[in-house]
Structures are given as C-alpha cells and as structure tokens.
Amino acid sequence: MSDRPAEARPSRARTTEVGVQYAIVPVPVLSLEAVARSSGLHPDLIRRFVALGLVDAGLDASGRMVFAPTAPAALARVQRLRTGLCLNYASIGLVLDLLDHISLLEAALRRAGMRSDLPPWT
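Residues numbered from 1 in each chain as written. Predicted model: local features only at pLDDT ≥ 70, side-chain atom pairs only at ≥ 80, totals over all residues. Heavy atoms only, no water.

**Q** Break down the sheet that holds strand β3 (residues 65-67) for me, citing the residues and quoting the values.
**A** With antiparallel pairing, three strands are arranged side by side in an open sheet as β1-β3-β2. Both edges of this open sheet fall to β1 (30-31) and β2 (58-59), since each of them pairs with a single strand only. (Pairing = 2+ DSSP bridges. Helix = DSSP H or I, 4+ residues; strand = E, 2+ residues; numbered from the N terminus.)

This is how it looks when you write it as structure tokens:
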C-alpha cells in the first residue's frame, strides 16, 4: 500500500496493445453531470452506455463516475450511429469495435509506408 493520498498517485491510462501507460501529470476528469450537460444527454442514458461498454468511465475516490475529457465526443459518436444508421445499442458496440480496429490497421499501413486508399487489386 502507498502512503500517498489517492489524488497524488499516478492515474493509470487505458491499456493498449503496447503496454500500460501512466500519466505523468494528473489527468483531468469530468463528472457525470458535466458530461451530461455538455452532451445534452440524460445521466441515466449515459449510465446505460457505460453499462453496455459504449463509453469508458472510472470511479473517483468517493465512488462517483468520472469520465475522460473525450467522453462527450464518444457519446456524440454513439448518438450519430444510433440516429444515422438506426442501430440498436448492442450493434453500436460492434460497430465501434470495428471502427477502432480499422483505425489501428490504417495507422499500421501508414507506418509501413503503404496507403489504404489505393484501388483494390481485383
């Protein structure tokens, strides 16, 4: 156990395929109310999105939900998929996973010096 208070400990960033990343400075977080206000969504709907795994959230020292500063943009993305493609929330999770995987593959192609916008070989 550490004798440092919770807010002095380094916060753990999201785990990636590369490994664990640690923040050098405290990462700013948003409360549930702030995210609901900035996204225009009801807090209960945001809680449902968190339960479904569509948006990442953590808990602060008092047990309240806290979100990364990018949460309003992630919520807007979920809402665009819901209204634009008429998807249910389970399929939105699948689409988000596929879009994230596509982004990783395109980044790997760019690093390798290849382009993903070339015409197909067929």
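So that's the structure; there's more coming.
**Q** Pulling in residues and values, what's your account of helix α3 (residues 71-85)?
**A** In this model α3 runs 21 Å from its N-terminal to its C-terminal C-alpha over 15 residues, within 8% of the 21 Å that 1.5 Å per residue would give. Considered for burial, the residues of α3 that qualify are Ala71, Pro72, Leu75, Val78 and Leu81. Turning to α3, the residues buried within the fold contact β1, α1 (32-39), α2 (43-52), β3 and α4 (89-111). (Expected span 1.5 Å × (residues − 1). Buried < 20%, exposed > 50% of the residue type's maximum accessible area, 1.4 Å probe, protein only. Contact = heavy atoms within 4.5 Å.)

**Q** Let's hear about the pattern of salt bridges: which residues, and what values?
**A** With the rule as written, the count across this model stands at three salt bridges. Across the salt bridge formed by Asp44 and Arg47, the nearest N and O atoms sit 2.6 Å from each other. With Asp44 and Arg47 both in helix α2 and three residues apart, the pair spans about one turn of that helix. With a relative accessible area of 47%, Asp44 lands in the partly exposed category. With relative accessibility at 38%, the residue Arg47 sits in the partly exposed group. A salt bridge links Arg77 to Asp100; its shortest N-O distance comes to 3.5 Å. A residue pair is termed long-range when its members are at least 10 positions apart, and Arg77 in helix α3 and Asp100 in helix α4 qualify at 23 residues. (Salt bridge = Lys/Arg side-chain N within 4 Å of Asp/Glu carboxyl O.)

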